[in-house]
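Close look at the chain arrangement
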Amino acid sequence: MERIRKALEYANRDRPPGAEKQGADGTVVGDFTAGLRYTYTKVVEVPHRVMLENRLIAAVPSHEFKDAYRMLRTRVLQSLRDNNWNSVAVTGPASGCGKTLTAINLAISLAMEVTHTVLLVDLDLRKPSVHQYFGYQPEAGLSDYLFRDVPVHQLLFSPSIERLVVLPGREEVQNSSEMLRSPKMVALVNELKHRYPDRLIVFDLPPILAADDALAFAPYTDAMLMVAEAGGTSREDLQKAIAVLKGVPMIGTVLNKAHAARRKPAYYRAQGAKA
């Protein structure tokens, strides 16, 4: 716990002087008009070409499909605020549904809101790939924190998108479900969730039906977001995945790779969150 506290203190130093102020209710809130600088967190310049090639649509201002992720962001934000939550985990029934790309674009869209910061955490320990979408290979990732006690602040990077920081994986982890509910991981997640009142956290989890990782981690996130692939995810698999997560707050389902009449790549169907 002490290591985590020190790591997050490093991250806090990245906030410029005056970036925080006392709120009317006595809580400390961010002064986002001052902008953010990253002096300890590594900043990775992601070329526009890489964002386009890897379909980081939410980061491309002029992209024709950007509004689809804005709509998703708004609905997710409403559910989080209505339930006083600050974290959501993204998963899907099986691999190939686009859950990692959805998690990344959701995190980018959330970071576009100026009232909070966003931490995107790659918890697909079996196949960490979030960093690849930014064209970046980290020197250390979550496995190095879990097994080699590398401080968290040495793992974080900002993909040159304001208010967005990524906690990447780096290598595959054996016995990943056990690691996701290990005391060390649980302590880290609790610290990340409660350190700053203005921070939202997006977790990228493995597919539900591929392993028990997502189910093992479910108690430590506020809610789940399910991603299904149009033409790829069967109704039966989607129902199985939702059944596996029975009792876990589900804030919605994203139908990915859909070719709707208005050429939107995805749509969001709210399922009604519960506290």
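Rules of the game
- Along each chain, numbering runs from 1 in the same order as the chain's sequence is written.
- In keeping with the predicted nature of the model, local features appear solely for residues at pLDDT of at least 70, side-chain atom pairs appear and are counted solely at 80 or more, and the whole-chain, interface and lining totals rest on all residues.
- By convention in this description, side-chain values take in all heavy atoms of the structure and omit both hydrogens and water.
- Starting at the N terminus, helices and strands are each numbered in turn, a helix being any DSSP run of H or I of at least four residues and a strand any DSSP run of E of at least two.
- Summary of the burial criterion: residues with accessible area below 20% of their type's maximum are buried, those above 50% are exposed, and those between are partly exposed, where the area comes from a 1.4 Å probe applied to protein chains only.
- Whether two residues touch is decided by their heavy atoms; if any such pair falls within 4.5 Å, the residues are in contact.
- A strand pair is defined by DSSP finding two or more bridges across the two strands.
- Between the N-to-C directions of two axes lies an angle of 0 to 180 degrees, each axis being a line fitted to C-alpha atoms and, for a helix, fitted only over the stretch in contact.
- Comment on the angle field: the value is read as roughly parallel under 35 degrees, roughly antiparallel over 145, roughly perpendicular from 65 to 115, and oblique elsewhere.
- If the strands point away from the viewer and the path from the first strand over the helix to the second runs clockwise, then the crossover is right-handed.
- The rule is simple: put a 1 Å grid over the protein atoms alone, call a set of points where a 1.4 Å probe fits but cannot get out a cavity, call an open set with protein on both sides within 12 Å along at least five of seven lines a pocket, and count a residue as lining if it has an atom within 4 Å of a point.
- Grid points are joined across faces, edges and corners, and a volume is the space filled by probe spheres set on the points.
- Under the grouping applied here, Gly and all other residues not named as nonpolar or charged are polar, the nonpolar ones being Ala, Val, Leu, Ile, Met, Phe, Trp, Tyr, Cys and Pro and the charged ones Asp, Glu, Lys and Arg.
- Between 30 and 60 degrees the pair is tilted, below 30 it is stacked and above 60 it is edge-to-face, where a pair is any two Phe, Tyr or Trp rings, Trp via its six-membered ring, whose centres lie within 6.5 Å.
- Within this analysis, patches are made of residues with over 30% relative accessible area and no salt bridge. Like charges are joined at 9 Å or less; nonpolar side chains (Val, Leu, Ile, Met, Phe, Trp, Tyr) at 5 Å or less.
- In these tables, accessible area is a Shrake-Rupley quantity obtained with a 1.4 Å probe, and a residue counts as shielded only by the protein chains included in the view.
- Counted as salt bridges are all cases of a side-chain nitrogen of Lys or Arg within 4 Å of a carboxyl oxygen of Asp or Glu.
- The definition of a nonpolar core used throughout is a set of buried Ala, Val, Leu, Ile, Met, Phe, Trp, Tyr and Cys residues joined through side-chain atoms within 4.5 Å.
- Between N or O atoms, a polar contact is any pair within 3.5 Å; within protein, one atom must be a potential hydrogen donor and the other a potential acceptor, and residues adjacent in sequence are included only when both atoms are from side chains.

Regarding its fold elements, the chain presents 10 helices and 11 strands. Relative to its 275 residues, the chain shows a buried fraction of 56%. Put simply, of all contacts in the chain between residues at least 6 apart along the chain, 75% involve residues at least 24 apart.

This part takes up the pairing of strand β5 (residues 117–122). In terms of residue burial, β5 counts as a mostly covered element, since six of its six residues are buried. Burial along β5 is two-sided: Thr117, Leu119 and Val121 and Val118, Leu120 and Asp122, pointing in opposite directions, are all buried. Pairing of β5 with strand β8 (residues 199–204) involves six bridges; the strand directions are parallel. Note that in β8 the partner of Leu119 across the bridge is Ile201.

To continue, consider the packing of helix α3 (residues 66–82) against helix α4 (residues 99–112). Two elements in contact, α3 and α4, have axes separated by 9 Å at closest approach and are oriented at 75°. By the angle between their directions, the pair α3 and α4 is classed as roughly perpendicular. Taking contact as the criterion, the partners of Tyr69, Arg70, Leu72, Arg73, Val76 and Leu77 in α3 are, on α4, Thr102, Asn105, Leu106, Ser109, Leu110 and Met112.

Moving on, we come to the pairing of strand β10 (residues 250–256). With respect to burial, β10 is a largely interior element, six of its seven residues being buried. In the sheet, strand β9 (residues 224–229) pairs with β10 via six bridges, with the strands oriented parallel. From the neighbouring strand, Val227 faces β10, where its bridge partner is Val254. For the handedness criterion, the β-α-β arrangement of β9, helix α10 (residues 235–244) and β10 is classed as right-handed.

Another point: the layout of surface pockets. Within this model, the largest pocket holds a volume of roughly 650 Å³. Lining the largest pocket are 30 residues, with Gly96, Cys97, Gly98, Lys99 and Tyr133 positioned closest to its centre. Grouping the amino acids of the lining of the largest pocket by side-chain chemistry returns 13 nonpolar, nine polar and eight charged.

With that settled, the discussion passes to the environment of Ser182. Tracing the backbone shows Ser182 in the loop between α7 (176–180) and α8 (183–194). Spatially, the C-alpha atom of Ser182 lies 10.0 Å from that of Ala216, the residues being 34 residues apart in sequence.

Centre distance and the angle of the planes are the two values used to describe a pair of aromatic rings. Applying the stated criterion to the full structure yields four aromatic pairs. Geometrically, the ring pair formed by Phe134 and Phe157 is edge-to-face, given 6.0 Å between the ring centres and 80° between the ring planes. Of this pair, Phe134 sits in the loop between α5 (130–133) and α6 (142–148) while Phe157 is found in strand β6 (residues 157–158), placing the two residues 23 residues apart along the sequence. Residue Phe134 is classed as buried on the basis of its relative accessible area, which comes to 1%. For Phe157, a relative accessible area of 0% gives the class buried. Centroid distance Tyr136 to Phe157: 4.6 Å. Interplanar angle 55°. Geometry classified as tilted.

A contiguous nonpolar surface patch, about 220 Å² in accessible area, is contributed by Leu209, Leu215 and Val244. Mapping Val244 onto the fold places it in helix α10.

So, about the nonpolar core. Among the nonpolar cores identified, the biggest contains 43 residues, and Leu106, Ile108, Leu120, Phe134, Leu164, Val202 and Leu225 are the most heavily contacted of them. Residue contributions to this core peak at eight residues, all from α4. Contact partners of Val202, with chain neighbours within four places excluded, come to Val88, Val90, Ala103, Ala107, Leu110, Val118, Leu119, Leu120 and Val121.

Mapped onto the elements, Arg163 comes out in the loop between β6 and β7 (164–167). Exposure remark for Arg163: the relative accessible area of 9% places this residue in the buried category. Taking the C-alpha atoms as reference, Arg163 lies 9.3 Å from Arg199; in sequence the two are 36 residues apart. Polar side-chain contacts of Arg163 include one of 2.8 Å to the backbone oxygen of Ala111.

Unusually for a residue other than glycine, Arg55 sits at a positive phi of about 60°. Here Arg55 is to be found in the loop between α2 (48–53) and α3. Unlike most non-glycine residues, Asn84 shows phi in positive territory, near 55°. Checked against the element boundaries, Asn84 lands in the loop between α3 and β4 (87–91).

These results come straight from atomic positions and should not be treated as a statement about function.
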